[in-house]
Amino acid sequence: VLKYSLDGRKRYRPLLVLASYKSCSGENTKRVIPIACSIEYVHTASLLLDDLPCMDNSPTRRNKPSVYSKYGEARAILAGIHILNLAYNLLSQQEQGKKLTEILSCAVEKTIVGQLIDLKLDQAENGLQKTYPLFSVSSRTGGLIAGVNDECQIPLENIGTEIGRAFQFIDDYEESNNPDLKNEIAKHISNAKLILPSFSRPRFLEDYISKLEERIK
């Protein structure tokens, strides 16, 4: 169950940890890989719980049966708890384990609040509340391990938030059945190395990604 749960992930968040670390002059990437893995573990655990019938009731995940569909709800819940425990255990072994754990715990709390909002209201904006926290913590922790001070971690965190928002916008409309809209902005998005989207308001997305690219530069 654990292997099935962790296989086939996109791993954008750990990649963001590594990118942030390297952009802040971090040299030994081996230092940051455990932190990147911890964040991906938390994300994976959240997906297992998010797919449950009592949550979003998603029988599939990335064209495969979701964990609860394949192994049952009980094992999906236990696997999610176990993976979450692995994440914090891994963080506790790091040099700045206490601070990293506090930062990640805060992001998880925001994700939980976002899921609660998502259960109550069916609005596209609500998805942002449970998506961006793990992106923002990814960019922040990369800088933290590279030695960036608290004040300079704020813009890194903000960039992660904006990337998380862009990701959610794209992901929400990726399931659209309109191939013409998908092709209309495919080249622009591929330059940003983001997911190929289909978007009901393509001009809005182009402008958003362009501004995001400038902010990151």
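Above this note sits the structure.
Everything quoted here is computed from the prediction, not taken from an experiment. (Residues numbered from 1 in each chain as written. Predicted model: local features only at pLDDT ≥ 70, side-chain atom pairs only at ≥ 80, totals over all residues. Heavy atoms only, no water.)

Participant: Explanation requested: the side chain of threonine 141 in the structure shown.
Facilitator: Following the sequence through the fold, threonine 141 ends up in helix α7 (residues 126–145). Discounting chain neighbours no more than four positions away, the residues touching threonine 141 are Val17, Ile35, Ile39, Leu100 and Ile103. (Helix = DSSP H or I, 4+ residues; strand = E, 2+ residues; numbered from the N terminus. Contact = heavy atoms within 4.5 Å.)

Participant: What's the story with the packing of helix α2 (residues 12–23) against helix α3 (residues 33–50) in this structure? I'm lost.
Facilitator: In a pair of packed helices, the angle between the axes and the distance between the axes together describe the arrangement. Contact geometry of α2 with α3 gives a least axis separation of 8 Å together with a crossing angle of 155 degrees. For the element pair α2 / α3, the angle class is roughly antiparallel. In this structure, α2 meets α3 at a crossing whose hand is right-handed. Residues Arg13, Pro14, Val17 and Leu18 of α2 form the contact with α3, whose own contacting residues are Ile33, Ile35, Ala36, Ile39, Glu40 and His43. Class assignment of the residues belonging to the contact of α2 with α3 gives a composition of seven nonpolar, one polar and two charged. (Axes fitted to C-alpha atoms, helices over the stretch in contact; angles between N-to-C directions. Parallel < 35°, antiparallel > 145°, perpendicular 65-115°, else oblique. Left-handed = near helix turned anticlockwise from the far one by under 90°. Nonpolar A, V, L, I, M, F, W, Y, C, P; charged D, E, K, R; others polar.)

Participant: Explain a nonpolar patch on the surface to me, please; I cannot follow it from the model alone.
Facilitator: Together, Leu49, Ile77, Leu78 and Ile81 line one region of the surface with nonpolar side chains, adding up to about 340 Å² of accessible area. In terms of residues, the nonpolar patch owes the most to one element, helix α5 (residues 73–92), which gives three residues. Residue position: leucine 78 is located in helix α5. (Patch = residues over 30% accessible without salt bridge, like charges linked within 9 Å, V, L, I, M, F, W, Y side chains within 5 Å. Areas by Shrake-Rupley, 256 points an atom, 1.4 Å probe, with all protein chains shown as cover. Salt bridge = Lys/Arg side-chain N within 4 Å of Asp/Glu carboxyl O.)

Participant: Explain the nonpolar core to me, please; I cannot follow it from the model alone.
Facilitator: Generally speaking, nonpolar side chains in soluble globular proteins are found buried as a group. The biggest cluster of nonpolar side chains holds 18 residues, and the ones touching the most others in it are Ile35, Leu104 and Val137. Among the secondary structure elements, those contributing two or more residues to this core are α2, α3, α5, α6 (97–120) and α7. Sorting elements by how many residues they give to this core places α6 first, with five residues. Once residues lying within four places of it in the same chain are set aside, the contact partners of valine 137 are Ile39, Ile103, Leu104 and Ala107. With nine residues, the next largest nonpolar core counts Val67, Tyr68, Ala76 and Ile83 among its residues. (Core = buried A, V, L, I, M, F, W, Y, C linked by side-chain atoms within 4.5 Å. Buried < 20%, exposed > 50% of the residue type's maximum accessible area, 1.4 Å probe, protein only.)

Participant: Whenever I open this one, the environment of glutamate 73 confuses me. Can you help?
Facilitator: Turning to its location among the elements, glutamate 73 is positioned in helix α5. When the C-alpha positions of glutamate 73 and aspartate 51 are compared, they lie 9.7 Å apart, and in sequence the two are 22 residues distant. Setting aside its immediate chain neighbours within four residues, glutamate 73 contacts Leu52, Pro53 and Tyr68.

Participant: Got a minute to help me understand the packing of aromatic side chains in this structure?
Facilitator: The way to describe two aromatic rings as a pair is by their centre distance and the angle between their planes. Counted by the stated rule, this structure contains one aromatic pair. An angle of 75 degrees between the planes, with centres 5.6 Å apart, marks the rings of tyrosine 4 and tyrosine 71 as edge-to-face. Here the residue tyrosine 4 occupies a position in helix α1 (residues 2–6), and tyrosine 71 occupies one in helix α4 (residues 67–71), the gap between them amounting to 67 residues. Residue classification places tyrosine 4 among the buried positions, given a relative accessible area of 17%. A relative accessible area of 28% places tyrosine 71 in the partly exposed class. Over the ring of tyrosine 4 we find lysine 64; its NZ or CZ atom is 4.5 Å from the centre of that ring. (Phe/Tyr/Trp six-rings, centres within 6.5 Å; stacked < 30°, edge-to-face > 60°. Lys NZ or Arg CZ within 6 Å of the ring centre and 35° of its normal.)

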